[in-house]
Amino acid sequence: MKYYLDAIVVVEGKEDVSYLSSFIESEYVVTNGYELPQKEIEYLNAALKYKRIIVLVDPDKAGRNIEEKLKSKLQKATYLNVEINKCNRGLKNGIAECAQDEIISIVKPFFTDKNIKKSEVLREKSLKITLSNKQLRQYIASKFHLGKCNNKTLFKRLETLQITEQQLCEAIKEYKDGN
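Residues numbered from 1 in each chain as written. Predicted model: local features only at pLDDT ≥ 70, side-chain atom pairs only at ≥ 80, totals over all residues. Heavy atoms only, no water.

## Thoughts on the state of the cysteines
Inspection of the entire model under this criterion finds one disulfide. Cys 87 shares a disulfide with Cys 98; S-S distance 1.7 Å. With the S-S dihedral at roughly 100 degrees, the linkage between Cys 87 and Cys 98 falls on the right-handed side. In this pair, Cys 87 sits in the loop between β4 (78-79) and α4 (100-107) while Cys 98 sits in the loop between β4 and α4, placing the two residues eleven residues apart along the sequence. Neither residue differs from the other here; Cys 87 and Cys 98 are each classed as buried. (Disulfide = S-S within 2.5 Å. Helix = DSSP H or I, 4+ residues; strand = E, 2+ residues; numbered from the N terminus. Buried < 20%, exposed > 50% of the residue type's maximum accessible area, 1.4 Å probe, protein only.)

## Some thoughts on the nonpolar core
Soluble globular proteins: nonpolar side chains tend toward being buried together. Core analysis: the largest hydrophobic core is formed by 31 residues, its most contacted members being Val 10, Leu 44, Leu 70, Ile 140, Leu 146, Leu 154 and Leu 158. Contributing elements (two or more residues each) for this core: β1 (3-11), α2 (38-47), β3 (52-55), α3 (61-73), α6 (134-143), α7 (151-160) and α8 (165-178). Listed in part, the 24 residues of the second largest apolar core include Val 17, Ile 24, Val 82 and Ile 104. (Core = buried A, V, L, I, M, F, W, Y, C linked by side-chain atoms within 4.5 Å.)

Okay, structure coming up:
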């Protein structure tokens, strides 16, 4: 069974995303170490108007250090902790090593029924509008403070911030007029 979490989950690495997304459908942001780039922080702070931000880092010393640094930049985020003795397979103690039951038990209060999102039109249009031009994609990401994005992530983040099709088309026109 897959659970739906109408939130953005901040984790340490791609392994965490791979593991969690196997049973929790959500948007994920990866820290890739001790600090998120400033552009990602800007996106997350903007997204707080529309979605809950859940920080779920490894229950080890490095994870706690990451959490402390993020607390000063993302004060309104929700910080969840797992017990280290329930998250260890092999030599690692991390989110990707936690039992699904442990993760589900701490995230369960935030699960929602999967619903139709408000900007479904943009999602449908995103199938037709591809921003394969890297410079255009970077322009759009910068304009709307989305952080570094591939095409799929860009549309997810535009949707999170409730950017309309009209706003997107205007931004594309601005880019084309400037080039």
